[in-house]
There are 2 protein chains.
Amino acid sequence: MKTYLDCHRCFLRQALSAARRAGASPEEQRLVLLQTMERLQSLAADATPPEMAEVIHRLVRTRMNDPDPYRQTKTDATEQALALLPQLRERVQAAANPLDLAVRVAIAGNIIDQGVAETFELEATVDRVLAQPFAIDGLSALRRALRRTNSILYLADNAGETVFDRVLIENSPHPVSYVVKAEPVINDATRDDALGAGLAEVAEIIDNGSAAPGTVLARCSAPFRERFEGASLIVATGQANYETLSGLTAPIFFLLQAKCSVIADELGVSQGAIVLKAPEEPTRTRATA
Amino acid sequence: MKTYLDCHRCFLRQALSAARRAGASPEEQRLVLLQTMERLQSLAADATPPEMAEVIHRLVRTRMNDPDPYRQTKTDATEQALALLPQLRERVQAAANPLDLAVRVAIAGNIIDQGVAETFELEATVDRVLAQPFAIDGLSALRRALRRTNSILYLADNAGETVFDRVLIENSPHPVSYVVKAEPVINDATRDDALGAGLAEVAEIIDNGSAAPGTVLARCSAPFRERFEGASLIVATGQANYETLSGLTAPIFFLLQAKCSVIADELGVSQGAIVLKAPEEPTRTRATA
């Protein structure tokens, strides 16, 4: 997905927020903002929003000499999510349709996103998302895909959200490889964040070699790209994964909340909608052809 | 009030919104955004937000050759507000304290502001503001000031809001001069907008000679500045008037809703608060000294 003009003001918010988290003085904040606008002016027309976000957050980390301005935020979010884990599991176990509910849990966790907003209401979001109809409902396609595969490549999004992913992974019929970022960027989950959320108990944790939000394949490591290309079922959570992978022909199921108007418009849903977007079933078409 | 770093993203939103209203193509929108960022990079450290807004909106009007991109929006807002006029008057007449209620009506109208947000809920806002406690309550000071003056200089804000001002002016014990912008900028009221709202029936309409939002005195005409300096009671509505005049020693009563976090923080109130801020009563202090 290309960067829309409406994304620019969001980049300015992110830049300021990251600078402040890294303890920037007002003058340093101003310089970060000016530099961000400079970079925006030379942004490639086909760059995705996460590619720009990578540039901005690297700029802040370097200038402020802070390798992870969101560290505390991520730890707090993981703790907050872990406190909900028992009731999330109970709700899935009690559900008439556990897969449906576990998918919803993973989508609910997607509210934890410092890239889109500064604050969120976690428990209220869980209640809302568990009851809300899907705006795009790929659940039947996901069931079919699960019958045709024997492993899942799961692209993580943010720290804290990891705990919600864990609930879905616990309900997976196949082994899961859980993909995190190689270096911190915004509140995206790294290996440490995934470990803190207990993902090692339910999945193999690997990193994608990159410090961009989402999955910018050109910035990922060769070993990860190989895993990606060989995967028969990919679950990609969050807006940034959609923004970076939506153009590809690949067996990707996107799980997300459409938290900003740009993504909502791009997907043709309303803001706040919940989405499980299936691939266009190329395997099946090929088999029939 | 200086321009905060948090204002920058709001300028980008305004620039895009104005360009789109003027029918800009995606490429023209991009150029407007780039030019806006260029201007932001050379913004004077002590410039107020309305001074920057003047630059941006002039840029859009000139580039798009559209003297008033918000014309339709302003006409619609005035019509919408006029439809409420009878019930607003009734509510004031039925009130135990008509001045308090008329002031609240004027503040409620301040939700009509395309500078701060793209949409608003007019009727819900009226109900809220008429019942909401003042975060800063200068009503007693306003009563005292009204006893000491025999005329009022009333600085208007946006088209549509004009109708709400009219309700307050109808309850004024003194003649009112109603000050509008000399040229269109955002949805700020011009003479035509004030005439369309029926202000000529209750006040003398004058313009301030400027096309900046708020009241940037240095950009106003000499005749207006003379009126301003000679005024014994000034009512200034809306955020932009506060942003441009808050540093002055003058008999100004600010009426506004703190619609954005920057203004709310500056005033020490929460976002959404309603404010009637009195001057520091210099006349009285002088009389005692």
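Before reading on, note that the structure itself is shown above.
Fair warning: this is a prediction, and the values are worked out from it, not measured in the lab.

Colleague: Help me out: how do you make sense of helix 2 (residues 26-41) of chain A in this one?
Modeller: Given 3.6 residues per helical turn, the α-helix brings residues three or four places apart onto the same face. Under the 1.5 Å per step criterion, the end-to-end length of helix 2 of chain A is 23 Å for 16 residues, consistent within 8% with the ideal 22 Å. Along helix 2 of chain A, the residues classified as buried are Gln29, Val32, Leu33, Thr36, Met37 and Leu40 of chain A. Looking straight down helix 2 of chain A, one finds its buried side chains confined to an arc of 135°; they lie on one side. On its buried face, helix 2 of chain A is in contact with helix 1 (8-21) and helix 3 (49-64) of chain A together with helix 1 (7-21) and helix 2 (26-41) of chain B.

Colleague: Looking at this model, I keep getting lost on the sheet that holds strand 1 (residues 134-137) of chain B. Mind explaining?
Modeller: Think of a sheet as strands paired side by side through backbone hydrogen bonds, with each pair either parallel or antiparallel. All names here are of chain B. Reading across from one edge, 1-7-6-5-2-3-4 is the order of the seven strands in this open sheet, with mixed pairing throughout. Whereas interior strands pair on both sides, the edge strands pair on one side only; in this sheet they are strand 1 and strand 4 (204-207). Taken over all neighbouring pairs, the strand axes of this sheet differ in orientation by 15° on average, direction set aside. The sheet contact formed by strand 6 (residues 252-257) and strand 7 (residues 274-277) spans four bridges and is antiparallel. Paired with Phe254 across the two strands is Lys277, which belongs to strand 7.

Colleague: Mind showing me how you'd approach the interface of chain A and chain B here?
Modeller: By a frequent convention, interface size equals the accessible area lost on bringing the separate parts together. Listed as interface residues are 14 residues of chain A and, on the opposing side, 14 residues of chain B. Elements with a minimum of two residues in the side of chain A that touches chain B: helix 1 and helix 2 of chain A. No other element matches helix 2 of chain A, which puts seven residues into the side of chain A that touches chain B.

Colleague: Explanation requested: the environment of Ala135 of chain A in the structure shown.
Modeller: Residues and elements named next belong to chain A. With respect to the helices and strands, Ala135 occurs in strand 1 (residues 134-137). Residue classification places Ala135 among the partly exposed positions, given that 18 C-beta atoms sit within 10 Å. Remark: the alpha-carbon pair of Ala135 and Gln257, spanning 122 residues in sequence, is separated by 9.8 Å. Not counting chain neighbours up to four residues away, the residues in contact with Ala135 comprise Val269, Ser270, Ala273, Ile274 and Val275.

Colleague: What is the right way to look at the nonpolar core in this model?
Modeller: The nonpolar side chains of a soluble globular protein tend to be buried with one another. Within the largest apolar cluster, 171 residues are counted, with the highest numbers of intra-cluster contacts made by Tyr154 of chain A together with Tyr154 of chain B. Here this core gets eight residues from one element, more than from any other, and that element is helix 1 of chain B. Discounting chain neighbours no more than four positions away, the residues touching Tyr154 of chain B are Asp165, Ile169, Val176, Ser177, Tyr178, Val179, Ala203 and Val235 of chain B.

Rules behind the numbers
- Residues numbered from 1 in each chain as written.
- Chains lettered and ligands numbered in written order.
- Predicted model: local features only at pLDDT ≥ 70, side-chain atom pairs only at ≥ 80, totals over all residues.
- Helix = DSSP H or I, 4+ residues; strand = E, 2+ residues; numbered from the N terminus.
- Expected span 1.5 Å × (residues − 1).
- Buried ≥ 20, exposed ≤ 12 C-beta atoms within 10 Å, placed from the backbone.
- Arc of directions from axis to C-beta.
- Contact = placed C-beta atoms within 7 Å.
- Pairing = 2+ DSSP bridges.
- Axes fitted to C-alpha atoms, helices over the stretch in contact; angles between N-to-C directions.
- Core = buried A, V, L, I, M, F, W, Y, C linked by C-beta atoms within 7 Å.

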